[in-house]
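Examining the three-dimensional arrangement
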Amino acid sequence: MTYPVFRVALPLPLAQTFDYLAPVDTCLDPESLQRWVGCRVQVPFGRQHKVGMVIEVVNHSEIKPGIKVILQRIDTQALLPIELWQSILWLARYYQRPLGDVLATALPQRLREGDALPDLAVAWFRLSEAGVTQRPSLRANSRPRRLADFLAQCGRADADMLAAHDAAWRPTLRVLMQRNLVHSERDTARPELGLQAYADPALLARRSQLNPDQADALRFVVDCFDTFAGLILEGVTGSGKTEVYLHAIDACLQRGQQALVLVPEIGLTPQTLRRFRHHLPVPVHVLHSGLNETERVRAWTAMASGEGRVLIGTRSAIFAPLPQGGLIILDEEHDTSYKQQEGWRYHARDVAMVRARNLKIPVLMGSATPSLEALQGVRSGRFSAIHLRQRAIAKHPTRVQVIDVRGMALPNGLSLPALQAIDQALQRGEQALVFRNRRGFAPVLLCHDCGWRGQCQRCDAALTLHGSKKLICHHCGHRETAPPACPSCGGLALVPQGAGTERLELALAERFPDVPVVRIDRETTQHRDAVEKHLAGLGNQAGILVGTQMLAKGHDLPRLSLVVIVSIDEGLFSTDFRAAERLAQLLIQVSGRAGRACTQGDVLLQTHLPEHPLLPTLLKGGYRAFAESELQARQAAGLPPFCAFALLRHESAEQATLQRFETDALALLRRHSAGHGSCRVHAPLPAPMARRQGRWRRQILLSAPSRAALQGLLGSLGTALYTLPSARKVRWSLDIDPIDLY
Ligand code: ADP
Ligand code: ZN
Ligand code: ZN
């Protein structure tokens, strides 16, 4: 006698699956047992019920005492398309994460919790018989007439299609429905979407004619359809990358395939979304952090059912099911928001490569400043590069000028030449962007008499002064009231050191009282679409924008002619091996904001370190020259992308507990690395911020000449770290391919 045993992955930080028996009435023929694989089930776990996924069904001749029975089967067929399932299995191995945990990250919360897939039926609108006959008598070119014409043309339309036709469609439609000229029906199928939608002449008329570079790029992408390929689309902001994406998505849709577009968190603006919705003949689904759970699970299900054809989303959208996937696009490929920085620390670019390989499709990665990983991929032949050399719309080249502020007066952080340049731009009726990547009034509150500084009690970090009285830790959120006198010497000489965006805003508003000064940083943009509202408020009038890197990309700012970079010196001092790359990318991105068709763009860079080698290379040779020299430096120093890193991070409020885990983990890693001669286990070190939120933080770096070699070591490690008794008492994580060593 054999009994089928179900291996179930549960969303727990444990590297194991759990065995369960089938419910009594289960059909036991082998084929129907296999149909359980990939289905969600509800199972008893301790005193709770949990939702897991059946990974495997195996036969046992004996059943373990105490084994429990599955309470309920949730899905009648596998939840995930086979490719996504395979990708997830691969990723769990590569990232050394428990399968249940990886599944939990990949699924929308509703599905994780065991909800059934939502009903996707939506309202469709079509002309009634009366509508068909009366359409010609509606007043030509009126809103109702245009809507009726649109419906006549597409047969029927849903809210998305109507919105693409006319943003203010609702009242018009209501009128037509009241007059019984339009009927509605509920349905999910969208047979009319697809090729036929291309017959819409209005849509084709909106298309730009691609310039020769863009046309070459498009041809390159199309030639790669149905094969696995990594394509780097390199071109400055405004060179027409998005236009190439739109045409490539079109080509993908015409082949009956789905497209997935990933954008960085701050790149998914209403403006971007409108552009895709306006130019594509199918509904565009979205997945981002601003959605509620219902919206998320609907978008997910739409893609899973094949009804959704195009999905735009941020990092986690890379786990969307793509049963008919044809193309994955990663905009701003170098952006660090593609790397998840807690829990399972995946990189969406790498996940995209895994999925594309399994789907046998191309990944198109666009950037003005490709990551060194991408550029090295091109050098080694793993990726292909496509260049957009000219700007899509003519633009004057940007002039960059370094202001050596050593010895200069810097009231509120701004030099005299910078203020003069802002003044001139305003007088020409243009806009200036003052960039500073620190929010708050001042990064430090200092006692001029004794040297005391406001420090967070729980972190190795200074408290940022906000307004005149609030001290806030940007690392743990701790807040306190600024002391009226120095807590150390009692003196009254407390001075804010340095300038954050808040201080710049105040100083600029005082200096230029006749123009609007708009601040854009995390504080002023708590509400959704806040950035857009701020920018709409400014419009095309002369004015000043002050902000953090939220302003580095995304919105189109046609009147902006001057960018002042207040200080980037912290970045030049950083010890992280990727700091230079980040800084170069940021400088290029921010500088790219200056100047459009009609205006000369100027960039002023204030620095105390004008001779830092990064600046001349970048300013004279551009990003390419910088990247070449940086790649050489990385190669010489044996740093990624010329080797592979994994970082074991661990933290605890108790130093002794932390030390115990570290000793055990180190012994374990050393033992395993003995069999992997090319891998190195480095000596444990405190994290660059050695204490955060009251916890001590340390790390152990593992390095290997290649990802494969590193995987060899990690693979042999298996679940050993998870089963260390001391591992339960600390917070630890293994960061594969860390993007910083913090
Ligand atoms: P990127 O994504 O590289 O920043 P975009 O695709 O947004 O560039 O193009 C910048 C601007 O140029 C947009 O306003 C876009 O509509 C316009 N544009 C792009 N390609 C063309 C083209 N071939 N003909 C005319 N305008 C174009
Ligand atoms: Zn003091
Ligand atoms: Zn803190």
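Residues numbered from 1 in each chain as written. Chains lettered and ligands numbered in written order. Predicted model: local features only at pLDDT ≥ 70, side-chain atom pairs only at ≥ 80, totals over all residues. Heavy atoms only, no water.

1. Some points on the overall build of the chain
Rule in force here: Under the DSSP-based scheme used, a helix requires at least four consecutive residues in state H or I and a strand at least two consecutive residues in state E, with every element numbered from the N terminus. Atoms counted for the radius of gyration: C-alpha only. Globule rule: 2.2 Å times residue count to the power 0.38. Relative accessibility decides the category of a residue: with a 1.4 Å probe and only protein chains considered, values under 20% of the type maximum give buried, values over 50% give exposed, and everything between is partly exposed. For this analysis, residues touch if any pair of their heavy atoms sits within 4.5 Å. Using a 1.4 Å probe, accessible areas were evaluated by the Shrake-Rupley method; residue-level cover was limited to the displayed protein chains. Counted as positive: Lys and Arg. Counted as negative: Asp and Glu, with His and the chain ends omitted from the count. Positions of charges follow a simple convention, taking NZ of Lys, CZ of Arg, CG of Asp or CD of Glu.
Scanning the chain for helices and strands turns up 24 helices and 31 strands. Its C-alpha atoms give the chain a radius of gyration of 29 Å, near enough to 27 Å, the size a compact globule of 742 residues would have. Taking the principal axes of the C-alpha coordinates as reference, the chain spans close to 85 × 80 × 50 Å. A buried classification covers 55% of the 742 residues belonging to the chain. Considering only residue pairs separated by 6 or more positions, the chain has 76% of its internal contacts joining residues 24 or more positions apart. Surface exposure of the chain reaches about 32900 Å², of which carbon and sulfur atoms provide 52%. Of note, the chain has its 87 positive side-chain charges centred 2 Å away from the centre of its 69 negative side-chain charges.

2. A closer look at the coordination of the zinc ion (ligand 3)
Heads up, the condition is: Only N, O and S atoms count as donors, using a 2.8 Å cut-off from the metal and 3.2 Å for Na, K and Ca, and because water is excluded some sites may appear unfinished. Here the metal geometry follows the donor angles, with tetrahedral for four donors whose angles all fall between 85 and 135 degrees, square planar for four and octahedral for six when opposite donors are more than 155 degrees apart and every other angle is between 65 and 115, and irregular for all the rest.
For the zinc ion (ligand 3), the full set of protein donor atoms is Cys 456 (SG), Cys 459 (SG), Cys 473 (SG) and Cys 476 (SG), and the range of their distances to it is 2.2 to 2.3 Å. Around the zinc ion (ligand 3) sit four donor atoms; with metal-centred angles ranging over 104 to 114°, the donor geometry is tetrahedral. The sequence motif formed by the donor residues of the zinc ion (ligand 3) is C-x2-C-x13-C-x2-C. Pair noted here: Cys 459 is in the loop between strand S18 (444-447) and strand S19 (464-466) and Cys 473 is in the loop between strand S20 (470-472) and strand S21 (479-481), with a separation of 14 residues, a long-range link. In this structure Cys 473 comes out as buried when scored by relative accessible area, which is 2%.

3. Things to note about the packing of aromatic side chains
Two aromatic rings are characterised by how far apart their centres lie and by the angle between their planes. To be explicit about the condition: Working definition: a ring pair exists when centres of Phe, Tyr or Trp rings (six-membered ring for Trp) sit within 6.5 Å. Plane angles under 30 degrees give stacked, over 60 give edge-to-face, the rest tilted.
Applying the stated rule across the entire model yields 13 aromatic pairs. Centre to centre, the rings of Phe 319 and Trp 344 are 5.4 Å apart; their planes meet at 40°, and the pair counts as tilted. Separated by 25 residues along the polypeptide, Phe 319 in the loop between strand S12 (310-313) and strand S13 (325-330) and Trp 344 in the loop between S13 and helix H14 (348-359) bring together distant segments of the chain. Taken as a pair, Phe 319 and Trp 344 share a single burial class, namely buried.

4. A few points about the coordination of the zinc ion (ligand 2)
Of the protein atoms, only Cys 447 (SG), Cys 450 (SG), Cys 486 (SG) and Cys 489 (SG) coordinate the zinc ion (ligand 2), at distances of 2.2 to 2.4 Å. Because the angles between the four donor atoms bound to the zinc ion (ligand 2) fall within 107 to 114°, the donor set is best described as tetrahedral. Going along the chain, you hit the donors of the zinc ion (ligand 2) in the pattern C-x2-C-x35-C-x2-C. You can call Cys 486 buried: its relative accessible area is 3%. Cys 489 sits in the partly exposed class, given a relative accessible area of 39%.

5. Looking at the packing of helix H2 (residues 82-94) against H14
Quick reminder of the rule: Axes here mean lines fitted to C-alpha atoms, for a helix over just the part in contact, with angles spanning 0 to 180 degrees between N-to-C directions. Orientation is classified from the angle alone, with under 35 degrees giving roughly parallel, over 145 giving roughly antiparallel, 65 to 115 giving roughly perpendicular, and any other angle giving oblique. We call a crossing left-handed when the near helix sits turned anticlockwise from the far one by less than a right angle, and right-handed when that turn is clockwise. Each residue is assigned to one of three groups, with Ala, Val, Leu, Ile, Met, Phe, Trp, Tyr, Cys and Pro labelled nonpolar, Asp, Glu, Lys and Arg labelled charged, and all others, Gly among them, labelled polar.
The N-to-C vectors of H2 and H14 enclose an angle of 135°; their axes lie 9 Å apart at closest approach. By the angle class used here, H2 and H14 are oblique. The way H2 lies across H14 gives a crossing that is right-handed. Contacts between H2 and H14 pair Glu 83, Leu 84, Gln 86, Ser 87, Trp 90 and Leu 91 from the former with Val 351, Val 354, Arg 355, Arg 357, Asn 358 and Leu 359 from the latter. Looking at side-chain class alone, the contact of H2 with H14 contains six nonpolar, three polar and three charged residues.

6. Regarding the domain arrangement of the chain
The line we're drawing: Domain start and stop points were drawn from an automatic or database domain assignment.
Along its sequence, the chain is carved into domain 1 (3-112), domain 2 (122-187), domain 3 (201-388), domain 4 (399-441 + 498-635), domain 5 (443-487) and domain 6 (644-736). Computed from C-alpha atoms alone, the centre-to-centre distance between domain 3 and domain 5 is 43 Å.

7. So, the packing of helix H15 (residues 372-379) against helix H21 (residues 614-637)
One can describe the packing of H15 onto H21 by two numbers: an axis separation of 11 Å at closest approach and a directional angle of 85°. By the angle class used here, H15 and H21 are roughly perpendicular. Of the residues in H21, those in contact with Leu 372, Leu 375, Gln 376 and Arg 379 of H15 are Tyr 623, Arg 624, Ala 627, Glu 628, Glu 630, Leu 631, Arg 634 and Gln 635. The residue inventory of the contact of H15 with H21, partitioned by class, reads five nonpolar, two polar and five charged.

8. Regarding the pattern of salt bridges
Inclusion rule: Criterion for a salt bridge: a side-chain nitrogen of Lys or Arg within 4 Å of a carboxyl oxygen of Asp or Glu.
The final tally for this structure, using the stated rule, is 43 salt bridges. For Asp 735, the salt bridge is made with Lys 339, and the minimal N-O distance between the two is 2.7 Å. Of this pair, Asp 735 sits in strand S31 (residues 731-736) while Lys 339 sits in the loop between S13 and H14, and the two are 396 residues apart along the sequence. Each member of the pair, Asp 735 together with Lys 339, is buried. The partner of Arg 698 in a salt bridge is Glu 662, and the shortest N-O contact between them spans 2.8 Å. Here the residue Arg 698 occupies a position in strand S30 (residues 695-704), and Glu 662 occupies one in helix H22 (residues 655-673), the gap between them amounting to 36 residues.

9. Some words on helix H16 (residues 416-427)
Spelled out, the test is: The span expected for a helix works out to 1.5 Å for each residue beyond the first. Working definition: the arc comes from the directions between the helix axis and the C-beta atoms, pointing outward to the latter.
With twelve residues, H16 should reach 16 Å at 1.5 Å per residue; the first-to-last C-alpha distance of 16 Å fits that figure. Residues of H16 that are buried: Ala 418, Leu 419, Ala 421, Ile 422, Ala 425 and Leu 426. End-on view of H16: buried residues confined to an arc of 160°, all on one side of the axis. Buried positions along H16 lie against strand S16 (398-404), strand S17 (431-435), helix H17 (501-511), strand S24 (543-547), strand S25 (560-565) and strand S26 (601-607). With its phi angle positive at about 80°, Gly 429 sits one or two positions after the end of H16.

10. Considering the environment of Leu 714
Along the chain, Leu 714 falls in helix H23 (residues 707-717). Among the residues examined, Leu 714 registers a relative accessible area of 0% and is labelled buried. Sequence spacing of Leu 714 and His 466 is 248 residues, and the spatial spacing of their C-alpha atoms is 45 Å. When near neighbours in sequence (up to four residues on either side) are disregarded, Leu 714 contacts Gln 96, Leu 702, Leu 734 and Ile 736.

11. Structural notes on the nonpolar core
What counts is decided by this rule: To form a nonpolar core, buried Ala, Val, Leu, Ile, Met, Phe, Trp, Tyr and Cys residues must be joined to one another through side-chain atoms within 4.5 Å.
Judged by nonpolar contacts, the single largest core of 112 residues is most densely connected at Leu 80 and Ile 318. Among the elements that take part in this core, helix H11 (residues 241-254) stands out by supplying eight residues, more than any other. Residues in contact with Ile 318, not counting those within four places in the same chain, are Leu 260, Leu 262, Ile 328, Tyr 346, Ala 348, Val 351, Ala 352 and Arg 355. By size, the runner-up hydrophobic cluster in this structure holds 35 residues, among which are Leu 375, Val 518, Leu 605 and Leu 615.

12. Section: the side chain of Arg 695
The topology assignment puts Arg 695 in strand S30. Since its relative accessible area comes to 17%, Arg 695 is described here as buried. Setting aside anything within four residues of it in sequence, one finds Arg 695 in contact with Glu 651, Ser 652, Ala 653, Ala 690 and Arg 731.

13. Re the sheet that holds S16
Which entries qualify depends on this criterion: A pair of strands is labelled paired if DSSP reports no fewer than 2 bridges between them.
A sheet is described by the order of its strands in space; here six strands give the open sequence S16-S26-S25-S17-S24-S23, paired in parallel fashion. Pairing within the sheet leaves two strands with one partner each, and these edge strands are S16 and strand S23 (517-520). Adjacent strand axes in the sheet meet at a mean angle of 20°, parallel and antiparallel pairs treated alike. As defined by bridge partners, S16 adjoins S26 across seven bridges and the pair is classed as parallel.

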